[in-house]
Amino acid sequence: MRAPLSWVREYAELPAGVTGRALAAELIAAGLEVETVEQAGADITGPLVVGEVLAFEDLTEFKKPIRYCQVNVGKANGTGEPQNIICGATNFAVGDHVVVILPGGVLPGGFEIGARKTYGRVSEGMICSVAELGIGDDHGGILVLPPDTPVGADAVELLGLRDDVLDIAVTPDRGYALSIRGIAREAATAYGVPFKDPAHVNLPPRRGSSGARPLNGGGRGLEDGGESYPASIADPTACDRFVLREVRGFDPDAQTPTWMRVRLHRAGMRPVSLAVDITNYLMLELGQPLHAFDRGKLTGPIVVRRAAPGEKLETLDHVRRTLDPEDILITDESGPISMAGTMGGLATEIDERSSDMVIEAAHFDDIGTARMSRRHRLHSEASYRFERGVDRELPLYASYRAVRMLAELGGAEVMPGVTHAEAPVERVTVTIAADHPDKVAGVTYGRDTVVKRLEQVGCTVEGDDVLTVTPPSWRPDLTDPNDLAEEVIRLEGYEDIPARPPHPVKGKGLTVRQRLRRRVGRALAGAGYVEALAFPFVGEKDWDALHLPSDDPRRRTLRLANPMSEEEPLLRTTLLPGLLKVLALNVGRGFGDVALFEMGVVFRPHPDAPERAPRLAVDRGPTADELAALQAALPDQPHRVAVVLSGDREPSGWWGGGRPALWADAIEAARTVAREVGVELTVKADQHAPWHPGRCAALYVGDTLVGHAGELHPRVTKAFGVPARSCAMELELRRLGDPVTVRAPHVSSYPVATQDVALIVDEAVPAAEVEAALREGAGELLEAIRLFDVYTGEQAGEGRKSLAYALRFRAPDRTLTAEETSRARAGAVASASEQTGAVLRGA
């Protein structure tokens, strides 16, 4: 919400010296999030004055229209003589009053104005458009002022070109702050000055009433003149108040006054036409969305209801929408004419010929409006306010102000009467102990302070030790004692709450699993991986991009009741989609050599889990059966670790060429994790989406499958937009078992004996099986084994390969003899020959 300071001052009698930044500091202290304070027009310097066009000459020798104008600026130029100005616009006439900047002045953006020769004439200044003045986006022509604007007057002051504009991020519980009315009330409270409510207008008297009704005056009935356009509410759950007023004879050519256009622009809205601008202006000022229907396009009585199956509506954005049975509609005999609180229909739109209008103001259900706007991906200023809560008492008063402004500014005739359809709603009352805010904040405020602050918010307070509080209609978020305590605390000042550090509870520090996760993170970071934290939300399209089979357990997911995005409404069952999206983002920004890892929980629903978790009562503790039902509905949430790699794993440079990331690097990342647990992984070939069938490894600890690693399938890399041959690994930490206590190994002081062995095996035999056989046969003297060469070629034979291993032997208590080393090597070769069919190369 953008709030010009001058607009706020109109309803809060702030001290003269208060600046936008000072007000922002007070509002922040009161709990509002003021993001920026824009000093609009601060770079404008004069002389910027009102001028009258005395005459002009059309210069026809140029390709575009050029006028050489004589403009009276009064005494602003020091001589009283007309200024000669070149202008490229043609939307003004002799006698029009315009804004002129004289030589020496500076326009927004540092645009300096001087006297210079152009188009064969000397131009002594410039006639300005709203875009050049920084009060609009219209570059199409000159700003023409009303004819009674005094010539020579200071245009900066006249048009309000200098103003501080506060940009406030309104949280969902503070919908009242989406209006100048709400912000001015907060400002008045912060400075302790009077507040003038812009909604406090006197309505025409009711039938049988002796006077006009002020806001919150109580009672509901028809004003003199009976009903306006007929309307009714068919579904009270969708709308509890619906108000219509009617005007006729509106001048479609009437222009929006400059002051209104400036305020709309400062508040971030584009002026459209007078009728539309008035509804937008009042929405910004009061917080009540309004809508204008062309009366000549309405057919029969208006009814507010839910959509019927198969109904359609073409909205003002020229999109024909298929409606949902939960959508809230405004309809007439022709069918839907508006999506209530979101966007009007094209069929009843007011246009350049509309002179008879019906003004609608209503109070629609906040949840229904929010779901409708998300369902159709149709977000508007109106829906933004309705879904955060609009003052239910405003429709009568906002609609009356709208028709009065249409009459005053557009020459319309206000038709007597008002249509007021209403469903009864019980006022909310909250019972709170007078010392409850004291207990929440740990500060003694006292009853008088609590009552004073709640009354400043707008509440009605009764009682002594126990207070009965009736929140105001503009604060639907105040529903329980803690809400009221928050109001007292924030208005008294969060800074007054003393800082008391909590007393630490004696404990044992981190759990074993927590320490393991930290060790794994440090190990992967030490191996060159960068940690990424992806959103835990996915969509069905992610499973399709991973090419998971239709019966894959990972497709069984939990759907969020209120997702952040309709495109990602599911909880993840694997870490890979989030990591691959982060990888794609990095690659798209020019970082092709990427190694990422993430640790986090995944959500795996149990096959027999109920569809919905039970909703527990809040006035008592849960029973054993309720806890059991809740536990049964919870998904399994194991911790997993995953990595993705692309590009070069080892960079090239003056030392030589680099090395691309391979499937083997993904497997090594899994071994890095396993070493932190103290277990050895067994690697076996496998086929498992989303990995390449020929380059996928299943990772085992004993007989337990813990994860997979390898090169991603080409279709997967294409679907996620990551480089071809990218690699990934994912494993489940708990399946690795409990971490083994790490003990320092005994380091023998005796020399090592190294033996190399090259074995010929079938090409399908995994190197890991050969290594395991060598370890088994070598016995206790084997200290380490390393595969250092793989050869396939004529010398190995067709369908065969040569694997060369370096064997390191060492005894803890003696120097090994050549005979002992040879005997251990022979045992290793024999074991490999027996288990894998290996033969010594060259034998």
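Not measured: the values here are computed from a predicted model.

Engineer: Please set out the packing of aromatic side chains residue by residue, giving values where relevant.
Structural biologist: Two descriptors summarise a pair of aromatic rings, namely the distance from one centre to the other and the angle between the planes of the rings. Summed over the entire model, instances satisfying the criterion amount to seven aromatic pairs. Pairing Phe535 with Phe537 gives two aromatic rings, centres 6.2 Å apart and planes at 20°, and the pair type is stacked. Phe535 sits in the exposed class, given a relative accessible area of 56%. Within the aromatic cluster, the residues linked to one another by ring pairs are Trp7, Trp259 and Tyr281.

Engineer: Let's hear about the nonpolar core: which residues, and what values?
Structural biologist: Core analysis: the biggest nonpolar cluster contains 64 residues, and Leu14, Leu23 and Leu406 have the highest contact counts within it. Counting residues per element, this core draws most heavily on helix α10 (residues 394–410), at nine residues. If we skip the residues at most four places from it in the chain, Leu406 touches Val247, Phe250, Ala275, Ile278, Met357, Ile359, Gly411 and Ala412. Ranked by size, the runner-up nonpolar core spans 31 residues in total, among them Val520, Val643, Ala669 and Leu733.

Engineer: Provide a residue-level description of the packing of helix α7 (residues 274–286) against α10, including the pertinent values.
Structural biologist: The contact between α7 and α10 brings their axes to 10 Å, and the two run at 140°. As judged from the angle between their axes, α7 and α10 are oblique. Both α7 and α10 take part in a crossing whose hand is right-handed. Across the interface between the two elements, Leu274, Ala275, Ile278, Tyr281, Leu282, Glu285 and Leu286 from α7 touch Leu394, Ala398, Arg401, Ala402, Met405, Leu406, Leu409 and Gly410 from α10. By residue class, the composition of the contact of α7 with α10 is 12 nonpolar, one polar and two charged.

Engineer: Tell me about helix α18 (residues 663–677), and please be specific about residues and values.
Structural biologist: Here α18 spans 22 Å end to end across 15 residues, near enough to the 21 Å set by a 1.5 Å rise per residue. Among the residues of α18, Asp665, Ala666, Ile667, Ala669, Ala670, Thr672, Val673, Ala674 and Val677 are the ones counted as buried. Directly after α18, the chain includes Gly678, whose backbone phi takes a positive value near 90°.

Engineer: Pulling in residues and values, what's your account of the pattern of salt bridges?
Structural biologist: Where charged atoms of side chains with opposite charge meet at close range, the side chains can pair. A full pass over the atoms with the stated rule returns 61 salt bridges. Arg248 serves as the salt-bridge partner of Glu246, at 2.9 Å between the closest nitrogen and oxygen. The class for Arg248 is partly exposed, based on a relative accessible area of 33%. One salt bridge in this structure joins Arg800 and Asp762, with 2.5 Å as the shortest N-O distance. With Arg800 in strand β42 (residues 800–809) and Asp762 in strand β40 (residues 753–762), the pair connects residues that are 38 residues apart, well separated along the chain. The exposure class assigned to Arg800 is partly exposed, which follows from its relative accessible area of 23%.

Engineer: Give me the pairing of strand β6 (residues 97–101): which residues, what numbers.
Structural biologist: The buried count for β6 comes to five of five residues, which makes it a mostly enclosed element. With burial as the criterion, each face of β6 is covered, one bearing His97, Val99 and Ile101 and the other bearing Val98 and Val100. In this structure, β6 lies alongside strand β11 (residues 126–127), joined through two bridges in antiparallel fashion. Bridging across to β11, Val100 finds its partner in Ile127.

Engineer: Give a detailed account of the sheet that holds strand β13 (residues 163–169), specifying residues and quantitative values.
Structural biologist: Pairing between the strands of a sheet is mediated by backbone hydrogen bonds and can be parallel or antiparallel. With antiparallel pairing, three strands are arranged side by side in an open sheet as β1-β13-β2. Both outer strands of the open sheet, β1 (2–4) and β2 (33–40), are each paired with one neighbouring strand and no more. Neighbour-to-neighbour, the strand axes of this sheet turn through a mean angle of 25°, independent of strand direction. Where β1 meets β13, three bridges bridge the pair, whose relative direction is antiparallel. When the bridges of β13 are listed, Arg2 appears paired with Asp167.

Engineer: Any details on the pairing of strand β38 (residues 704–712)? Residues and values, ideally.
Structural biologist: Within β38, seven of the nine residues are buried, which leaves the element mostly enclosed by the surrounding structure. Bridge analysis of strand β37 (residues 691–701) against β38 gives seven bridges, and the strand direction is antiparallel. Bridge pairing in β38 links Cys696 to Gly710. As consecutive antiparallel partners, β37 and β38 are separated by two residues, and within that stretch Gly702 has a phi angle of approximately 65°, a positive value.

Engineer: Explain the environment of Ala830 to me, and be specific about the residues and the numbers.
Structural biologist: Locating Ala830 in the fold gives a position in helix α21 (residues 818–836). Taking the C-alpha atoms as reference, Ala830 lies 8.9 Å from Ala773; in sequence the two are 57 residues apart.

Engineer: I'd like a rundown of the confidence of the model for the protein chain, residues and numbers included.
Structural biologist: The predicted model of the protein chain averages 91 in pLDDT, with 97% of residues at 70 or higher. The low-confidence segment residues 208–214 (pLDDT under 50) makes 20 contacts with residues lying over four places distant or belonging to another chain. In the model, residues 216–222 has pLDDT below 50 throughout and makes 23 contacts with residues more than four positions away in sequence or in other chains.

Engineer: Go over the environment of Pro690 with me, naming the residues and quoting the values.
Structural biologist: Residue placement: Pro690 occurs in the loop between β36 (682–685) and β37. For Pro690 and Gly710, which are 20 residues apart along the polypeptide, the C-alpha to C-alpha distance reads 9.5 Å. Other than its neighbours up to four places away in sequence, Pro690 contacts Leu546, Arg554, Leu576, Leu712, His713 and Val716.

The rules behind these values
Residues numbered from 1 in each chain as written. Predicted model: local features only at pLDDT ≥ 70, side-chain atom pairs only at ≥ 80, totals over all residues. Heavy atoms only, no water. Phe/Tyr/Trp six-rings, centres within 6.5 Å; stacked < 30°, edge-to-face > 60°. Buried < 20%, exposed > 50% of the residue type's maximum accessible area, 1.4 Å probe, protein only. Core = buried A, V, L, I, M, F, W, Y, C linked by side-chain atoms within 4.5 Å. Helix = DSSP H or I, 4+ residues; strand = E, 2+ residues; numbered from the N terminus. Contact = heavy atoms within 4.5 Å. Axes fitted to C-alpha atoms, helices over the stretch in contact; angles between N-to-C directions. Parallel < 35°, antiparallel > 145°, perpendicular 65-115°, else oblique. Left-handed = near helix turned anticlockwise from the far one by under 90°. Nonpolar A, V, L, I, M, F, W, Y, C, P; charged D, E, K, R; others polar. Expected span 1.5 Å × (residues − 1). Salt bridge = Lys/Arg side-chain N within 4 Å of Asp/Glu carboxyl O. Pairing = 2+ DSSP bridges. pLDDT = per-residue confidence, 0-100.

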